[in-house]
Amino acid sequence: MSDSTSAATVARWDKAAVELAALRSLWPEEVPHELPEPVAGPGLAETLIHWAAARPDDTAMSYYGWTSTWAQLERDVAAVAGWLMARGVGVGTRVAVYMGNCPQFVQTFLAIGWLGAVYVPANPMYRSEELRHQLSDSGATHLIAHPHSREVVDAALARMETPIDVTWTDPAAVFAEDSAVSPSSDMPHRIPAAKDAGDWRRVLASAGVEHVPADPERLASLNYTGGTTGLPKGCEHTLGHLAYTAVSALAGKGEVPGQNRAVYLGFLPMFWVAGENFGLLLPIYNGGEIAILSRWHPKTALRSIAERGVTQFVSPADGYGELLELLETEEFADVDLSSLDSCQAVSFVRKLDIELREQWEARTGIVLREASYGMTETHTSDTFTLGLQGENRDLKAEPVYCGFPVPGTDILVVDIDLNPVPVGQAGEIIVRSPSVTTGYWKNPQATEESLIDGWLRTGDTGRFDDQGALTYLARTKEMIKVNGMSVFPAEVEGLLRAHPDIDTIAVAPREDADRGQVPVAFVIPRAGASADAEALTAWARENMAVYKVPEFVFVEAMPMTATGKIRKTVLLEELLEGEV
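How each quantity is defined
- Every chain is numbered independently, its residues counted from 1 as its sequence is written.
- In view of the model being predicted, local features appear only for residues whose pLDDT reaches at least 70, and side-chain atom pairs are presented and counted only at 80 or more, with totals across whole chains, interfaces and linings using the full set of residues.
- For the side-chain quantities, the full set of heavy atoms in the structure was used; hydrogens and water were omitted.
- Counting from the N terminus, the helices are the DSSP runs of H or I reaching at least four residues and the strands are the DSSP runs of E reaching at least two.
- Each radius of gyration reported is based on C-alpha atoms, and the globular scaling rule is 2.2 Å times the count of residues to the power 0.38.
- Residue exposure (1.4 Å probe, protein chains only): buried if accessible area is under 20% of the type maximum, exposed if over 50%, otherwise partly exposed.
- Comment: axis = line fitted to C-alpha atoms, over the contacting stretch for helices; angle = value between 0 and 180 degrees taken between N-to-C directions.
- By definition, turning the near helix anticlockwise from the far helix through less than a right angle yields a left-handed crossing, and turning it clockwise yields a right-handed one.
- We call two residues contacting when some pair of their heavy atoms lies within 4.5 Å.
- Classification used: nonpolar for Ala, Val, Leu, Ile, Met, Phe, Trp, Tyr, Cys and Pro, charged for Asp, Glu, Lys and Arg, polar for all others including Gly.
- Two strands pair if DSSP finds at least two bridges between them.
- Centres within 6.5 Å make a pair out of two Phe, Tyr or Trp rings, where for Trp the six-membered ring is used; the pair is then stacked when the planes are under 30 degrees apart, edge-to-face when over 60, and tilted otherwise.
- In this tally, Lys and Arg are treated as positive and Asp and Glu as negative; His is ignored, and so are the chain termini.
- For this analysis, a salt bridge means a side-chain nitrogen from Lys or Arg found within 4 Å of a carboxyl oxygen belonging to Asp or Glu.
- Under this definition, polar contacts are N or O atom pairs within 3.5 Å; protein pairs additionally need one hydrogen-donor-capable and one acceptor-capable atom, and for neighbouring residues in sequence, both atoms have to be side-chain atoms.
- In this context, the arc is that of the directions from the helix axis out to the C-beta atoms.
- Here the angle decides the label: under 35 degrees means roughly parallel, over 145 means roughly antiparallel, 65 to 115 means roughly perpendicular, and every other value means oblique.

Another aspect to go through is the overall build of the chain. Broken down by element type, the chain carries 17 helices and 25 strands. In terms of overall size, the chain behaves like a compact globule, its C-alpha atoms giving a radius of gyration of 24 Å where 580 residues would be expected to give roughly 25 Å. Its C-alpha atoms put the chain at 70 × 60 × 60 Å along the principal axes. In the chain, which comprises 580 residues, the share counted as buried stands at 58%.

One way to put it is that helix H3 (residues 70-86) packs onto helix H4 (residues 103-114) with a least axis distance of 8 Å and a crossing angle of 65°. In the packing of H3 onto H4, the handedness of the crossing is right-handed. Together, Leu-73, Glu-74, Asp-76, Val-77, Ala-78, Val-80, Ala-81 and Leu-84 of H3 and Gln-107, Thr-108, Leu-110, Ala-111, Ile-112 and Trp-114 of H4 make up the contact between the two elements. Within the contact of H3 with H4, the residues separate by chemical class into 10 nonpolar, two polar and two charged.

A few words now on the pairing of strand S19 (residues 455-464). Relative to S19, strand S17 (residues 427-432) runs antiparallel, the two being bridged by five bridges. Its bridge partner lying in S19, Glu-428 is registered against Thr-461. With two bridges joining them, strand S18 (residues 451-452) and S19 adopt antiparallel strand pairing. Within the sheet, the bridge partner assigned to Ile-452 lies in S19 and is Trp-455. Sheet topology note: the S19/strand S20 (residues 470-474) ladder contains four bridges and is antiparallel. Across the sheet, residue Gly-462 finds its bridge partner in S20, namely Tyr-472.

Counting buried residues in strand S12 (residues 342-346) gives five out of five residues, a clear majority hidden from the surface. Residue alternation in S12 divides its side chains into two sets, Ser-342, Gln-344 and Val-346 and Cys-343 and Ala-345, and both sets are buried.

The next thing to look at is the packing of aromatic side chains. Inspection of the entire model under this criterion finds 14 aromatic pairs. Residues Tyr-63 and Tyr-64 carry aromatic rings whose centres are separated by 4.9 Å and whose planes lie at 75° to one another, so their mutual orientation is edge-to-face. Each of the two residues, Tyr-63 as well as Tyr-64, counts as buried. Three or more aromatic residues link up through ring pairs in this structure, and these residues are Phe-267, Trp-296, Phe-313, Tyr-320 and Trp-360.

The next point concerns the side chain of Asp-501. Assignment of secondary structure puts Asp-501 in the loop between helix H15 (489-496) and strand S23 (502-512). Although Asp-501 is buried, it makes no salt bridge; Arg-526 carries the closest opposite charge, 6.5 Å away. Polar side-chain contacts of Asp-501 include one of 3.4 Å to the backbone nitrogen of Ala-531.

Taken as a whole and assessed by the stated rule, the structure comprises 22 salt bridges. Put simply, Glu-289 and Arg-308 hold a salt bridge, and the shortest N to O gap is 2.8 Å. Separated by 19 residues along the polypeptide, Glu-289 in strand S10 (residues 289-292) and Arg-308 in helix H11 (residues 298-308) bring together distant segments of the chain. A residue is classified by how much of its surface remains accessible, and Arg-308, at 27% relative accessible area, is partly exposed. Arg-510 is the salt-bridge partner of Glu-551, the closest N and O atoms lying 2.6 Å from each other. Of the two residues, Glu-551 is situated in strand S25 (residues 551-554) and Arg-510 in strand S23; the sequence distance between them amounts to 41 residues.

Here we come to the environment of Ala-117. In this structure, Ala-117 sits in the loop between H4 and strand S4 (118-121). A sequence separation of 102 residues divides Ala-117 from Leu-219, and the C-alpha atoms of the two residues are 8.0 Å apart. Look past the residues within four positions of Ala-117 in its chain and what remains in contact with it is Val-89, Gly-90, Val-91, Gly-92, Thr-93, Val-95, Ile-112, Leu-219 and Ala-220.

For helix H13 (residues 354-364), the full list of buried residues reads Leu-356, Arg-357, Trp-360 and Thr-364. Viewed end-on, H13 has its buried residues packed into an arc of 100°, placing them on one side of the element. Phi for Gly-365, located one or two positions after H13, is positive at around 80°.

At Tyr-64, a position not held by glycine, the phi torsion is positive, near 50°. Of note, Tyr-64 is situated in the loop between strand S1 (59-63) and strand S2 (66-69). Non-glycine residue Asp-453 carries a positive phi angle of around 50°. Here Asp-453 falls in the exposed class, since its relative accessible area comes to 54%.

Below, the discussion takes up helix H2 (residues 44-54). Along H2, the positions that sit buried rather than exposed are Leu-44, Ala-45, Glu-46, Thr-47, Leu-48, Trp-51 and Ala-52. Residues of H2 that are buried sit in contact with H3, H4, helix H9 (239-252) and helix H10 (273-286).

With that out of the way, let us pick up the side chain of Arg-218. In this fold, Arg-218 is placed in the loop between helix H8 (200-204) and strand S7 (219-227). Notably, Arg-218 is buried but unbridged: the nearest opposite-charge side chain belongs to Asp-215, and the N-O separation is 5.0 Å. From its side chain, Arg-218 meets the backbone oxygen of Pro-213 in a polar contact 3.2 Å long.

Moving on to the packing of helix H5 (residues 128-138) against helix H6 (residues 150-158). Two elements in contact, H5 and H6, have axes whose closest approach is 8 Å; the angle formed by their N-to-C orientations is 55°. The angle between the axes of H5 and H6 places the two elements in the oblique class. The crossing of H5 and H6 is right-handed. Residues Ser-128, Leu-131, Arg-132 and Leu-135 of H5 form the contact with H6, whose participating residues are Val-152, Val-153, Ala-155, Ala-156 and Leu-157.

See below:
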């Protein structure tokens, strides 16, 4: 796109954004049009220091019976930063975190920000080749991981060209270090002996160091996302992006940072950008408590809500259905959920519907609403639905109602020529906000293709209604959603091409009642190959996250378009008709 065309296009977008904003007569009074400032500026370290001074004895995080105050968290973060600094971590150093949810995850995240380093979260379900790619691509020099992942980590590091320093910590190490605290009966991990808990005792014994002053333009995180053209790419997010995400998401919930008591139930995976927002950024910038769960378990969730006085809860819609079933049992009939004041659903496999909303409201008095629209490139929390539930108008939209852009964000829908389309017409969603990625790490071509003068081309399809509210219509081109996790065919195809028995591979989605979708790999084997579907499945399980492992279907030939592309829709149609 030429400079002149770009300028004219962006001018049209600016005008269209103003016109859409004028339609939003339903904008709730609780949501400001102008954002409040973070309590201590954009810095993670400065925010931690502020709450440690203002609320030293308040609980900052809890974990199956273990707790830490804000004052203790500040001391621990300074110590973790000291440990990392002694190992060469400083401003701009990439530090990878390959862990499930646990207190050490929170401490590490903040310590990386304390030093002005770059946080690189890695999916703990990754297998060795996926982990190796992310470590190599990001240029990480240090990795923090759970000991039970040692086999995967060792296999990944064996293929690395440059060495990486590793710090180990068992998820239950906090109990090994503090024998005075006993875990709750819901604790899913075995408490290790001190000698098996990893390095965390020595980490927390390190001398604390001074924090690096905040620079909102400094690169703070590389959040990796899949793509339709290859392996995952690192989305560059600055410290200013993180602060804006937190404050704008709070504003979309009608909240001012630090104004009210807030306790977040944190079971969404923290490596995932949505889990980062709701389990790290919002509690940190809001001075609240994060009640950490390693994984989703409905009984534990109900007990945690009651015991910790949880106020904020975000879950896939399926989770609310599971909770409602438990609330009908004798064990949980009298459980106290009165602390809840905000419940949001994410429509993945199950879509939030009127029946589910009515059932949840009847039991809790809380109106269940859709969470938000977003993606890794925008840091996810781009819209809000607070106050837009009148006559269930939001749930009558298909398939997912996303509401209004959070303050400071603009969203448009454009046609194939990038012209804004009329209200009610479908097109590509584009987003401009203070948290849109500055680019893809070491990938200028992908950056140029996706970013136009601060606007991100999402590839998603949506439309606006007559109130200026966004409805999301379709998944990103080619993307497969398995239990809410993104799977990109090109990534799976790229990994499977490394198998010596595969000649040609094409991956496409099959709809599934339980998981939403599942990937199907259509394979033409190499001449003389002996591998069958069972062997390929076993190989895939060793080399990729379990949710990416496809079903394997062997074919003799691939249907092709006139331009030489595989016609995946034909393969799927033949599979469903039983002809493959």
